[in-house]
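Spelled out from the first residue to the last, the chains are:
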Number of protein chains: 2
Amino acid sequence: MQTNVVKQLNDAMQTVMRTAREQVLAKMGNKLTVAEKTSRRDLVTNVDHSNEDFLISQIRQLDPTAHILAEEGTGDRVTSMAGHVWIVDPIDGTMNFVHQRNHFAMMVGFYVDGEPTLGYIYDVMANKLYAGGPQLGVTLNGEPMKSPADADLADGLFGASAPLLIQDRFNMQAVVAASLGPRIMGSAGIQISQVLAGELIAYLSYLRPWDFAAGRVLAETLGLVVTTLDGSPVDMLSSGAVLIATKRAQRSILAIV
Amino acid sequence: MQTNVVKQLNDAMQTVMRTAREQVLAKMGNKLTVAEKTSRRDLVTNVDHSNEDFLISQIRQLDPTAHILAEEGTGDRVTSMAGHVWIVDPIDGTMNFVHQRNHFAMMVGFYVDGEPTLGYIYDVMANKLYAGGPQLGVTLNGEPMKSPADADLADGLFGASAPLLIQDRFNMQAVVAASLGPRIMGSAGIQISQVLAGELIAYLSYLRPWDFAAGRVLAETLGLVVTTLDGSPVDMLSSGAVLIATKRAQRSILAIV
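Everything numeric in this text was worked out from a predicted model, so none of it was measured. (Residues numbered from 1 in each chain as written. Chains lettered and ligands numbered in written order. Predicted model: local features only at pLDDT ≥ 70, side-chain atom pairs only at ≥ 80, totals over all residues. Heavy atoms only, no water.)

Things to note about the relation of the copies chain B and chain A
Test applied: The least-squares superposition of copies is restricted to C-alpha atoms, and to residues with a pLDDT of at least 70 in both copies. We call two residues in contact when some of their heavy atoms are within 4.5 Å.
Of the transformation placing chain B onto chain A, the axial shift is 0.0 Å and the rotation is 180°, giving an RMSD of 0.0 Å. Such a combination of turn and shift is consistent with a two-fold rotation axis. Relative to the rotation axis, the closest C-alpha in chain B is found at I184 of chain B, a distance of 2.4 Å. The fraction of interface residues of chain B whose copies in chain A are also interface residues reaches 100%, indicating that both copies meet through the same surface.

Topic: the pairing of strand β6 (residues 115-123) of chain B
Residues and elements named next belong to chain B. In plain terms, the rule: Three exposure classes are used, based on accessible area relative to the maximum for each residue type with a 1.4 Å probe and protein chains only: buried under 20%, partly exposed in between, and exposed over 50%. Numbering of helices and strands starts at the N terminus; helices are DSSP runs of H or I of at least 4 residues and strands are runs of E of at least 2. At least two bridges found by DSSP between two strands is the condition for calling them paired.
Among the 9 residues that make up β6, 8 are buried, leaving the element largely enclosed by the rest of the structure. As judged from the 8 bridges shared by strand β5 (residues 105-112) and β6, these two strands associate in the antiparallel manner. By the bridge assignment for β6, M107 is matched with I121. The pairing of β6 with strand β7 (residues 128-133) spans 5 bridges and is antiparallel. Residue pairing for β7: Y122 is matched across the bridge by L129.

Some remarks on the UniProt feature "binding site: Mg(2+)" (unreviewed entry) in chain A
Residues and elements named next belong to chain A. This is how the line gets drawn: UniProt positions are given in the numbering used here, feature names are shortened, and annotations may be inferred rather than shown by experiment. Under this definition, polar contacts are N or O atom pairs within 3.5 Å; protein pairs additionally need one hydrogen-donor-capable and one acceptor-capable atom, and for neighbouring residues in sequence, both atoms have to be side-chain atoms.
Cross-referencing UniProt, the feature "binding site: Mg(2+)" (unreviewed entry) maps to E71, D89, I91, D92 and D211 in the present numbering. Taken along the chain, the residues just named run across 141 residues; in space they keep tight, none of their C-alpha pairs more than 10.0 Å apart. Dropping the residues within four chain positions of it, E71 is found in contact with K37, E52, V88, D89, P90, I91, R208 and W210. One polar contact links E71 to K37, side chain to side chain, over a distance of 3.3 Å. A relative accessible area of 8% means that D211 is categorised as buried. Sequence-distant contacts of D211, that is, excluding residues within four places in its chain, are made with D89, D92, M107, A188 and I192.

Structure (structure tokens):
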């Protein structure tokens, strides 16, 4: 897409994200309706649904012919990355949203013929909006972000997934031992934003498309790498183990997993 | 102590903590001097030292004959909780301070003849100051806090210690399995403040006196319990496994560990 068109879309989407945040904050003053999806640890609330509806309606106005893949299923059935594809997670870290009222994110990723184009991660309670893409760079609340230092695994904190760490999947305990220590926040959006900010040198978890679509755009724009555990490109329409890391940390982690 | 004296001390100490925060933020703009204490994961910086010096000097002005136990060793050698004892952690979560510039706390606890009297946990980057004690209640940035709901282990997120979780010490993996999931922040101060705020139903870690002295005052004031793993009262001059939890979660956890 032409850069001026991307820029207009980015401006409009940041306004959409800020409006969505205000609506979510307002709804948090009321009692949440919480339902279990696949287990007692996999929750959805009325706010996930209403925010997904809002984001989809706003994206349809901005980009009427696009395909939209959304976590709670009210978007389109997307089977190809051809053309314009938006990938939406209205509330990432719903467990935190329900039980902490903190540490959750809303995320949107935009791809054009499979190319990462725009991404948004909004840490709602910290009021930190990470936005942008390869043509524009990444901003945090409108201020340009620099790429984080290319620190190695031994020199940084590692964003872990609790189940993978406890079960020692992918040798995650050895990865942690080689790092300065693990951190677990319970939200892919929050932990990926910490990699963007240089607070973590990597994040590794089993992720679904809406968990990493926004983060991939932002991370790659900042010179970070986003791959599967054999170092291959990620498939935006599949779920699996995804590593977001500095270049150096990625090499060290791939040698361990 | 008389309540009006405690109230005056509390007002003065909140001003001290806010001044300390300003100084720490200013020093974060300069390059940190980092040294390893016992290992590459046990750090101390010039800011830990300067902030400890500042806090001790301010406490000495407010309470000249008190004994002060401080993490970095520039206080007194304290062997008894008789009289006035202040326990100071100038930067809790030094690893986060160095590598995240986020998620660290300053903490001060004040005990009179062993009785919890005043406590301060300051989440520096979030600018959240938890302050108070049994005679005054607990405030967050000056606003009175309510006690968190007495939720059980099965209904809340569990604040874990990374080494204890990975090594499965004290059956921590079974505790986690009974909860809604673990969270690991790498700072006792931050995680205890999350228990105060109801974001976690419990926090269990191997702690030193300055890690839990402030948190014990605040937690007990809010109706939470602070014990060893056999349910005994904690010894303020010893290190060991300490559990800070809601009453219900404490019973469930003690039955597992």
